[in-house]
There are 6 protein chains.
Amino acid sequence: MTHERNITRLDAFTYRKIIQDDPVMLIPVGAIEQHGPHMPLGVDMMLSTKMAELVAENINALVGPTITTGYKSQQRSGGGNHIIGSFGFDAATVIGICRTFVREFARHGLKRIAFINGHYENYQFIYEGVDLALRDLRGQSIPDVMLLSYWDFVTEEVISGLYPDGFPGWDVEHGGVMETSLMLEYFPDLVHMDRVMDLPAAALPPYDLLPVDPTLTPESGCLSSAKAASAEKGAILADSIVSGITDAIRGRFTM
Amino acid sequence: MTHERNITRLDAFTYRKIIQDDPVMLIPVGAIEQHGPHMPLGVDMMLSTKMAELVAENINALVGPTITTGYKSQQRSGGGNHIIGSFGFDAATVIGICRTFVREFARHGLKRIAFINGHYENYQFIYEGVDLALRDLRGQSIPDVMLLSYWDFVTEEVISGLYPDGFPGWDVEHGGVMETSLMLEYFPDLVHMDRVMDLPAAALPPYDLLPVDPTLTPESGCLSSAKAASAEKGAILADSIVSGITDAIRGRFTM
Amino acid sequence: MTHERNITRLDAFTYRKIIQDDPVMLIPVGAIEQHGPHMPLGVDMMLSTKMAELVAENINALVGPTITTGYKSQQRSGGGNHIIGSFGFDAATVIGICRTFVREFARHGLKRIAFINGHYENYQFIYEGVDLALRDLRGQSIPDVMLLSYWDFVTEEVISGLYPDGFPGWDVEHGGVMETSLMLEYFPDLVHMDRVMDLPAAALPPYDLLPVDPTLTPESGCLSSAKAASAEKGAILADSIVSGITDAIRGRFTM
Amino acid sequence: MTHERNITRLDAFTYRKIIQDDPVMLIPVGAIEQHGPHMPLGVDMMLSTKMAELVAENINALVGPTITTGYKSQQRSGGGNHIIGSFGFDAATVIGICRTFVREFARHGLKRIAFINGHYENYQFIYEGVDLALRDLRGQSIPDVMLLSYWDFVTEEVISGLYPDGFPGWDVEHGGVMETSLMLEYFPDLVHMDRVMDLPAAALPPYDLLPVDPTLTPESGCLSSAKAASAEKGAILADSIVSGITDAIRGRFTM
Amino acid sequence: MTHERNITRLDAFTYRKIIQDDPVMLIPVGAIEQHGPHMPLGVDMMLSTKMAELVAENINALVGPTITTGYKSQQRSGGGNHIIGSFGFDAATVIGICRTFVREFARHGLKRIAFINGHYENYQFIYEGVDLALRDLRGQSIPDVMLLSYWDFVTEEVISGLYPDGFPGWDVEHGGVMETSLMLEYFPDLVHMDRVMDLPAAALPPYDLLPVDPTLTPESGCLSSAKAASAEKGAILADSIVSGITDAIRGRFTM
Amino acid sequence: MTHERNITRLDAFTYRKIIQDDPVMLIPVGAIEQHGPHMPLGVDMMLSTKMAELVAENINALVGPTITTGYKSQQRSGGGNHIIGSFGFDAATVIGICRTFVREFARHGLKRIAFINGHYENYQFIYEGVDLALRDLRGQSIPDVMLLSYWDFVTEEVISGLYPDGFPGWDVEHGGVMETSLMLEYFPDLVHMDRVMDLPAAALPPYDLLPVDPTLTPESGCLSSAKAASAEKGAILADSIVSGITDAIRGRFTM
């Protein structure tokens, strides 16, 4: 039987007992961001949380509170933060949240922490938050912290299998085949394939422009079409990701 | 039939359509904080989210993303932030999050926003966040923002009915009869009444001490006993709160 | 004969000599805020300073520089910061000042500090300032810091004696009977009872609204009428407060 | 008869009436800092406040709340912030306070503000605070703000008269003849000439060193001897300063 | 004849005259970071400045002051900021610098700005700085700002020509063939090919670890070997980059 | 033969070898600021860098990266930051940069650091940056840091020799005889004496005014005329400054 691993649903006494065995703490990080007409605003937080919970089962880890306050959607990876439906937090806020979680988990006695990121734009700010937390903790017991984005664990084999016509890159995957397939695998009730707008992938230049030129983002808000998404692909992706992250954490944190 | 009101589960196209009718946006604010051996760490975020969703049904409102990053637990209202299981965010971070939500919802075109607070310690920092957001928005369209803590809507009649021996005050209610009864009403599976520690209410002085004197917090982490909690009391409290908040928002935002 | 206890009027050599005996340091915190037509803007800083000086005599303590830069006046406790005559500092500034005082007094070698707050809105920001200072001081000698608001030391007996028709609560006391009576006791020259506007107490809802709805604050800027104020009541209140704080500090700091 | 000009002792109704005539608002800025064995810690705040009040009488101005939270004492102008008895605020805090006062006085409708600085180290941080406030106010009504340090208004004639052997410079005047004479003029009860330590002026190099080399500061904490101070010199200095500032404000703010 | 385009070497009168014609302003961004035993710490600032100057000639643009204060070196793109010789600025500082440049150039009247980034880790912080500057400028004239990293302009053809055995990715290029070849092209005197350490490319995992595991960075501090670098490759790369950026800016800013 | 001393042109391996001998690290600080029609915007950064390099030769020191992001030009020392061609960084940014350099050089193992300032307005912010860095480093190895502005090392003899008609003060020297002569000595190609505007020295009042009154700054942007500048004077000044700083660092850091 699988016991509860998400600490928001655990009581403090049970939590304190579990952490005496030095489990890894997984912190999902997402965003609230438009993902086209066929998926909900919470995609990034839902996927990172679900993956963290599945990895947690594999390695007997815990899952910390999901960070939902993602950095601003950028046009080349999320369509842009001018779109109504996306919420963009300033760098200082995202940094502050990650910094606090590391500091607080260190106070609780956790020794190994992993951030499971599900929103492309967050990564550098999570990094800064962790770095500042470790500076804060100097002279005290410092946990080992791993930082990763889940799509970096899809293997080359999976990519070439799922994208026979060539892989367009993770950035234009916003609202596309990968995210939609994963949502179909994990949260099928929240996906409406009939509402997918089958538009050509965004042809984005190799630079950002601010203020954003809204015409560069497809009308759907997605950077590529989700039409080819399916639950089967989702299962393959999910398996690749969850086992990849599981192995990475096991390997690094020698469990 | 009740449609979805929590925007994290809505897609952006539907969201944009709904907000053209100028609904009120309710933002639940909670914390991740120990609540004794009988309730989970997520009590404050769960209760505020649930209440917001129920109020939303009454007034055809939307519910925004729940803010889970609460200010530090203070001894006189939450047992203290030295306790393992509580997560305390700095003022700057809590302020930054609330400030962003107001600014982003204003960008989306929302005209009426209400923060539904479920963690005593948060209030002043929500206030500062909203105040700074309105300063940021000067010269633009400024939404009306209401700020409230849910327990302020329990009526005197309900209090005297539920606490025949006298009401100890909302602050020592941490993990006590009110919160536990509400959890029994809304999330009975997450409450373990058999684990309640039936200790005397905390005898806290009329001041704070930092560093905290841990001996002043009962061993349970709760400031009063939850033994007298029940789903029935929870229903009465819930009804009082939800209808109170509903009336307040209706009255102020004339709907 | 009473010697000087306010360190702003002591020279550094005398100060250094006195603190070798490990006195408690009392830090008054106030605000510059409108208090109706009958009392000056400096009420909060004057009262907290005066009370600190009287407590200091009782326990042979010192009084530090008065913090006059209070947090924004809020409508339900001070009428609102939209009123001309009130000065509202951002949270970050109030926090920074309190943080510095704790850090600097710790550097001086003080071991016991008490903040005597006289402005309702300040409390949480003083708390954050102290908490951050103690974090700054980790690894060094950390003083014990007490935080209190003076009205929390008025006893139930005094309240029921002074408010025979029922006590309206400390928040609506802004510019009302308590503050005015205390000013009559301590600074009678600065009170003009003939200018009191005898308006009904403000009927404020159990929430805040931003931007403030100015019509909710009585024209006087006071939340209840000061008409029943008197020097006699002031003496009773003052005695209750000063002896209450004296006892609390003595009890906690075992002197 | 001279009416009250310090707004902390004025009520809000009177304040609002006076400012309809567009008076200049003078804001004294000081510090809490050691000034040797013969003068109190509050010298800088006392002198700047007193001078502001005297200038205010001349030009029918108001005096705002005194800013007492000065920047860190620096060795070449105040002996250094390592000395017990001095309180050093971070730049961010000093800036925040000045920024708020400008912003709040602008909200009140003031059109002309002058900062009267009495603590050498403060100047650049007052400047930054004012500059940021004017940025905040862009698009609104912006007051004219004058910034000055009082010693810059002592005339050459006065200097050569009072220092027949050559003027050592304002920086080493810390706790020396000028400050002590001014205190003798304005607050004789707080000066103890019998406690003056008649040491040679500090021989400070043309650079700062951090951490401070404490041996460079005379044992007195004063950078030059106050032995030659007198109330007569104080009167001459005071007259030169107050009339100089009066003329400067009149000239600039054409009154 | 080529006239001066770097504004640090232009006088203000000439600068003011030139900007009346609305030139594009290019801002090079680099870092001070170890680049192995064969290249200087200033590689990133030197390359971005040189490229900006060459692009400026093509499009008659100006080059602004080079930003040398780069974000912390990260292990997967720069070896890690634990290495002696690298300087890592906090996110807040990098953001503050970029924010100011946009705000100040906007004050000067510039309408089109492009950041030319030469340090992988900087990008997100430049983005945040620009985004905040545009928020600051709301209600004023807002320039169009382009953000790019120079390696994104190396064409696929160039890559496959220069890396016949397969391209390892830009991140492990730190101190490798590309950077070294570019330095050989532009600053040959500062490259010591005889000191290149010909080590295997770093085998870095798809995640970061903090504190860094120093054993993952090759002893050289470079993530791949520069042995195959040459001035010829440098010329090809340089040509691809400079013409790519030139075309991109021309295309976007229609000149 | 003189070897390279500017670490931006040194490789990391050489740098690490040199610093094992505990050299002094000199950090030049300048600004990008208008200096009239006859000198480039980079004067302050060029002069401080050049002087640092010359001092470094004398004492076998290293020169760190030049800080070019100076604080806002102030009217009484730089003409004012309203002038197009000057770039003014906020206090927080200047402080952050200096703080990082001290912290990073301390991490590298440097024990003695000197800031060589060439922009009048920077000084207090460099001071704050250093002070905060030393606070950050508490509990670790703390370097000795010297802070100086180069003009404080011009001797009285040199001044009276170069200014036979009386020295107007360093502040109005902005773009005047001293800076121009030094530029003629070090960077003659960047000075255009034929473009000097020979205007009377600015008659600036003993206070600042914000917003700036632009009429108080001469049309040239210089606060006094550079007409009397010459390479000969530059050589005398340069010699006085470089030997003065050399002696000061030698004396303090006993080398």
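Computed from a predicted model, the values in this text were never measured in an experiment.

Draft legend 1. Structural view of the interface of chain A and chain B. Each partner contributes residues to the interface: chain A has 50 residues there, and chain B has 50 residues. Regarding the contact of chain A and chain B, the summed buried area is about 3700 Å², with carbon and sulfur atoms giving 65% of it. Three residues stand out in chain A for area buried against chain B, namely Phe13, Ile84 and Phe87 of chain A, and they jointly supply 17% of the buried area on that side. Taken together, chain A and chain B are joined by four salt bridges. For the salt bridge of Asp90 of chain B with Arg103 of chain A, the shortest nitrogen-to-oxygen distance reads 3.4 Å. Elements represented by at least two residues in the side of chain A that touches chain B include exactly α1 (12–19), α2 (43–59) and α4 (91–108) of chain A. Ranked by residue count, the leading element in the side of chain A that touches chain B is α4 of chain A, at ten residues. A breakdown of the residues in the side of chain A that touches chain B according to their chemical character gives 23 nonpolar, 18 polar and nine charged.

Draft legend 2. Main features of the packing of aromatic side chains. Summed over all chains, the structure comprises 69 aromatic pairs over all chains. Residues Tyr127 of chain D and Tyr71 of chain F carry aromatic rings whose centres are separated by 6.4 Å and whose planes lie at 70° to one another, so their mutual orientation is edge-to-face. Taken together, the residues Tyr127 of chain D in helix α5 (residues 123–136) and Tyr71 of chain F in the loop between β2 (62–63) and α3 (75–78) connect one chain to another. Judged by centre distance (5.1 Å) and plane angle (80°), the rings of Phe101 of chain E and Phe89 of chain F are edge-to-face. With Phe101 of chain E in helix α4 (residues 91–108) and Phe89 of chain F in the loop between α3 and α4 (91–108), this pair bridges two chains. Connected via pairs of aromatic rings, a cluster forms that spans Tyr71, Phe125 and Tyr127 of chain A together with Tyr71, Phe125 and Tyr127 of chain E. A cation over a ring is seen here: Arg16 of chain B above Phe13 of chain B, with NZ or CZ 4.6 Å from the ring centre.

Draft legend 3. Structural detail: the relation of the copies chain F and chain D. Once chain F is rotated about the relating axis by 180° and shifted along it by 0.0 Å, it coincides with chain D to within an RMSD of 0.0 Å. Between the two chains, the operation in question is that of a two-fold axis. Nearest to the rotation axis, the C-alpha of Gln124 of chain F is located 3.4 Å from it, this being the minimum over chain F. Here 100% of the interface residues in chain F have copies in chain D that are interface residues too; the copies meet face to matching face.

Draft legend 4. The sheet that holds strand β2 (residues 62–63) of chain B, seen in detail. Taken in spatial order, the five strands of this open sheet run β2(B)-β1(B)-β3(B)-β4(B)-β5(C), and their pairing is mixed. Unpaired on one side and paired on the other, β2 of chain B together with β5 (208–210) of chain C mark the two borders of the sheet. Strand direction decides the pairing type here: strand β1 (residues 25–29) of chain B and β2 of chain B, joined by two bridges, are parallel. Following the sheet pairing, Leu26 of chain B is matched in β2 of chain B by Val63 of chain B.

Draft legend 5. Geometry of the interface of chain F and chain D. Facing 39 residues of chain F, the contacting portion of chain D comprises 39 residues. When the two sides are added together, the surface that chain F and chain D hide from each other amounts to roughly 3300 Å², 52% of it contributed by carbon and sulfur. Taken together, the connections running from chain F to chain D amount to eight salt bridges. Taking the shortest distance from any N to any O, the salt bridge between Lys72 of chain D and Asp131 of chain F comes out at 2.8 Å. At the boundary of chain F with chain D, the tally comes to 26 residue pairs in polar contact (both at pLDDT 80 or more). The set of elements that each furnish at least two residues to the side of chain F that touches chain D consists of α4, α5 (123–136), β4 (144–149), β5 (208–210) and α8 (231–252) of chain F. Ranked by the residues each element gives to the side of chain F that touches chain D, the list is headed by α5 of chain F, at ten residues. Of the residues that constitute the side of chain F that touches chain D, the class distribution is 24 nonpolar, three polar and twelve charged.

Draft legend 6. View of the pattern of salt bridges. Counted under the stated rule, the structure contains 84 salt bridges over all chains. As a salt-bridge pair, Arg107 of chain B and Glu104 of chain B come within 2.8 Å of each other at their nearest N and O atoms. Of this pair, Arg107 of chain B and Glu104 of chain B both sit in helix α4 (residues 91–108), separated by three residues, roughly a single helical turn. Across the pair Arg195 of chain D and Asp11 of chain C runs a salt bridge whose closest N-O atoms are separated by 3.0 Å. Of this pair, Arg195 of chain D sits in the loop between α7 (177–186) and β5 (208–210) while Asp11 of chain C sits in the segment before α1 (12–19), placing the two residues on different chains. We classify Asp11 of chain C as buried; its relative accessible area is 6%. A network of salt bridges, in which partner residues are shared, links Lys72 and Asp90 of chain A, Arg99, Arg103 and Asp136 of chain B together with Glu128, Asp131 and Arg135 of chain E.

Draft legend 7. Expanded view of the nonpolar core. Judged by nonpolar contacts, the single largest core of 513 residues is most densely connected at Phe115 of chain A, Phe115 of chain B, Phe115 of chain C, Phe115 of chain D, Phe115 of chain E together with Phe115 of chain F. Ignoring sequence-local partners within four residues, the contact set of Phe115 of chain F consists of Ile27, Val29, Ile67, Cys98, Val102, Ile126, Val130, Val145, Met146, Leu147 and Leu148 of chain F.

Draft legend 8. Region of the structure containing the sheet that holds strand β2 (residues 62–63) of chain D. Spatially, β2(D)-β1(D)-β3(D)-β4(D)-β5(F) is the arrangement adopted by the five strands of the open sheet, whose pairing is mixed. In this open sheet, the two edge strands, each paired with only one partner strand, are β2 of chain D together with β5 of chain F. As paired elements, strand β1 (residues 25–29) of chain D and strand β3 (residues 112–117) of chain D share five bridges and run parallel to each other. Paired with Pro28 of chain D across the bridge in β3 of chain D is Ile116 of chain D. Sitting on the sheet, helix α2 (residues 43–59) of chain D is in contact with β1, β2 and β3 of chain D, with an inclination near 165° to β1 of chain D. Strands in contact with helix α8 (residues 231–252) of chain D are β1, β3 and β4 (144–149) of chain D together with β5 of chain F; relative to β4 of chain D, the strand with the most contacts, it is inclined by about 160°.

Draft legend 9. Highlighting the packing of α2 of chain D against α8 of chain D. Residues and elements named next belong to chain D. Their axes nearest at 9 Å, the elements α2 and α8 cross at an angle of 50°. Our classification of the angle between α2 and α8 gives oblique. Along this stretch, α2 crosses α8, giving a crossing that reads as right-handed. Contacts between α2 and α8 involve Met51, Leu54, Val55, Asn58 and Ile59 from the former and Ile241, Val242, Ile245, Thr246, Ile249 and Arg250 from the latter.

Draft legend 10. Region of interest: the relation of the copies chain A and chain B. If you rotate chain A by 180° and push it 0.0 Å along the axis, it lands on chain B with an RMSD of 0.0 Å. Take the interface residues of chain A: 100% of them recur as interface residues in chain B, which is what a same-surface contact looks like.

Draft legend 11. Here's a closer look at the confidence of the model for chain A. Here chain A shows a mean pLDDT of 96. Residues at 70 or above account for 99%. Per the prediction output, this complex has pTM 0.97; the corresponding ipTM is 0.97.

Draft legend 12. Structural context of the side chain of Ser149 of chain A. By the element assignment, Ser149 of chain A lies in strand β4 (residues 144–149). Each residue touching Ser149 of chain A, except ones within four places of it in the same chain, is listed here: Asn117 and Tyr123 of chain A.

Draft legend 13. How the structure looks around the state of the cysteines. Per the counting criterion, the structure on display carries zero disulfides over all chains. In this model Cys98 of chain B remains outside any disulfide bridge; the closest cysteine sulfur is found in Cys98 of chain A, 17 Å from its own.

Draft legend 14. Looking closely at the arrangement of the chains. Here chain C and chain E are not in contact; the least distance found between their C-alpha atoms is 16 Å. Contact between chain B and chain F is absent, and the least distance between their C-alpha atoms amounts to 16 Å.

Draft legend 15. Quick look at the pairing of strand β1 (residues 25–29) of chain C. Residue and element names in this part refer to chain C. Of all the five residues making up β1, five are buried; the element is thus mostly covered by neighbouring parts of the structure. Along β1, one buried face is formed by Met25, Ile27 and Val29 and the opposite face, lined by Leu26 and Pro28, is buried too. Handedness of the β1-helix α2 (residues 43–59)-strand β2 (residues 62–63) crossover: right-handed.

Draft legend 16. Main features of helix α4 (residues 91–108) of chain C. Its 18 residues place the ends of α4 of chain C 26 Å apart at the C-alpha level, agreeing with the 26 Å of an ideal helix rising 1.5 Å per residue. Most of α4 of chain C is tucked away: 15 of the 18 residues are buried.

Draft legend 17. Structural context of helix α5 (residues 123–136) of chain E. Residue and element names in this part refer to chain E. For α5, with 14 residues, the first-to-last C-alpha span of 20 Å sits near the 20 Å given by 1.5 Å per residue. Extensive coverage of α5 is indicated by the burial of twelve of its 14 residues. Within α5, the full set of buried residues consists of Tyr123, Gln124, Phe125, Ile126, Tyr127, Glu128, Gly129, Val130, Asp131, Leu132, Ala133 and Leu134.

Draft legend 18. Region of the structure containing unusual backbone geometry. Omega for the bond connecting Leu210 of chain A with Pro211 of chain A falls within 30 degrees of zero, at -5°, which places this linkage in the cis form. Tracing the backbone through its elements, the reader meets Pro211 of chain A in the loop between β5 (208–210) and α8 (231–252). At Asp22 of chain E, a residue that is not glycine, the phi angle is positive and equals roughly 55°. The topology assignment puts Asp22 of chain E in the loop between α1 (12–19) and β1 (25–29). We classify Asp22 of chain E as partly exposed; its relative accessible area is 27%.

Rules used in this analysis
- Residues numbered from 1 in each chain as written.
- Chains lettered and ligands numbered in written order.
- Predicted model: local features only at pLDDT ≥ 70, side-chain atom pairs only at ≥ 80, totals over all residues.
- Heavy atoms only, no water.
- Contact = heavy atoms within 4.5 Å.
- Buried area = accessible area lost by both parts, 1.4 Å probe.
- Salt bridge = Lys/Arg side-chain N within 4 Å of Asp/Glu carboxyl O.
- Helix = DSSP H or I, 4+ residues; strand = E, 2+ residues; numbered from the N terminus.
- Nonpolar A, V, L, I, M, F, W, Y, C, P; charged D, E, K, R; others polar.
- Phe/Tyr/Trp six-rings, centres within 6.5 Å; stacked < 30°, edge-to-face > 60°.
- Lys NZ or Arg CZ within 6 Å of the ring centre and 35° of its normal.
- Least-squares fit on C-alpha atoms with pLDDT ≥ 70 in both.
- Pairing = 2+ DSSP bridges.
- Polar contact = N/O pair within 3.5 Å; in protein donor to acceptor, adjacent residues only side chain to side chain.
- Buried < 20%, exposed > 50% of the residue type's maximum accessible area, 1.4 Å probe, protein only.
- Core = buried A, V, L, I, M, F, W, Y, C linked by side-chain atoms within 4.5 Å.
- Axes fitted to C-alpha atoms, helices over the stretch in contact; angles between N-to-C directions.
- Parallel < 35°, antiparallel > 145°, perpendicular 65-115°, else oblique.
- Left-handed = near helix turned anticlockwise from the far one by under 90°.
- pLDDT = per-residue confidence, 0-100.
- Disulfide = S-S within 2.5 Å.
- Right-handed = clockwise from strand over helix to strand, strands pointing away.
- Expected span 1.5 Å × (residues − 1).

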